[in-house]
Amino acid sequence: LTYFSGEISSMTLSRTASPLWLPNEQTTTLDLKRQIVVFDGGNRTLKWIDPDHQPRIIPAFIKPFEPGFDDPTPDDHSVVISTGNDHFCLGAVARDMKGTPVFQDNKCELAKKLVLAALEPHPGSSAVTIDRLVIALPNSRNSTDLAELKQIEGTHQFTRNGQRITAVVHQVQPIDETQAAY
């Protein structure tokens, strides 16, 4: 795993313009934008860099579930996602629940689900805007696969590990999995 050297997220300090503002008073405002997010929905592991610049690696398994019946619990190696009527878990908990390894399916079709694991806002926030989402795929010259990935661009509302999230993805940039994604 190689780390991407570019800017991923930032925290800014700003002054508030209010009648109660005191000289030298500063408030911390969390930047909701992540300039770049990289995601590799690999054959054996799903990999991405989180908002704290830490690599995340979880087993590449997916398992749908019915809420209220055998609900999965997220952990350091798992992510639980709900979007509309679609509920699924990724990672170790999906493997333990006898889920499907992602390599047994079309990874580009699954990418719309798998990438939700990487669309993380900064801690304490429920929204994130991503300028560029770089996704590794088997063949970046396949027009059908590219069309699948371009569907990720736009606004997504979902629940990730119990937290309601709104994520906006401006651009998806596919790269071949044989190139370094990070």
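It should be emphasised that the depicted structure is a prediction, and the values quoted were computed from it without experimental measurement. (Residues numbered from 1 in each chain as written. Predicted model: local features only at pLDDT ≥ 70, side-chain atom pairs only at ≥ 80, totals over all residues. Heavy atoms only, no water.)

A. Representation of the overall build of the protein chain in the model. Helix and strand content of the protein chain: 3 helices and 12 strands. A total of 182 residues make up the protein chain; the buried ones form 43% of that total. For the protein chain, the proportion of contacts with a sequence separation of at least 24, taken over those separated by at least 6, is 63%. Carbon and sulfur atoms make up 49% of the accessible area of the protein chain, which totals about 9,700 Å². (Helix = DSSP H or I, 4+ residues; strand = E, 2+ residues; numbered from the N terminus. Buried < 20%, exposed > 50% of the residue type's maximum accessible area, 1.4 Å probe, protein only. Contact = heavy atoms within 4.5 Å. Areas by Shrake-Rupley, 256 points an atom, 1.4 Å probe, with all protein chains shown as cover.)

B. Here's a closer look at helix α2 (residues 107-114). Along α2, the residues classified as buried are Lys107, Cys108, Leu110, Ala111 and Leu114. Viewed along the axis of α2, the buried residues span an arc of 150 degrees, placing them on a single side of the element. On its buried face, α2 sits against β3 (33-41), β4 (45-49), β6 (61-64), β8 (86-91), β10 (127-137) and α3 (143-150). The N-cap of α2, judged by a side-chain oxygen 2.8 Å from the amide nitrogen of cysteine 108 a few residues on, is asparagine 106. (Arc of directions from axis to C-beta. Polar contact = N/O pair within 3.5 Å; in protein donor to acceptor, adjacent residues only side chain to side chain.)

C. Spatial organisation of α3. The complete set of buried residues in α3 reads Asp145, Glu148 and Leu149. Looking straight down α3, one finds that the buried residues subtend no more than 95 degrees of arc, so they occupy a single side. Residues of α3 that are exposed and point more than 90 degrees away from the buried face comprise Ser143 and Thr144. Where the residues of α3 are buried, they touch α2, β10 and β12 (163-176). With a side-chain oxygen lying 2.9 Å from the backbone nitrogen of threonine 144, the N-terminal cap of α3 falls on asparagine 142.

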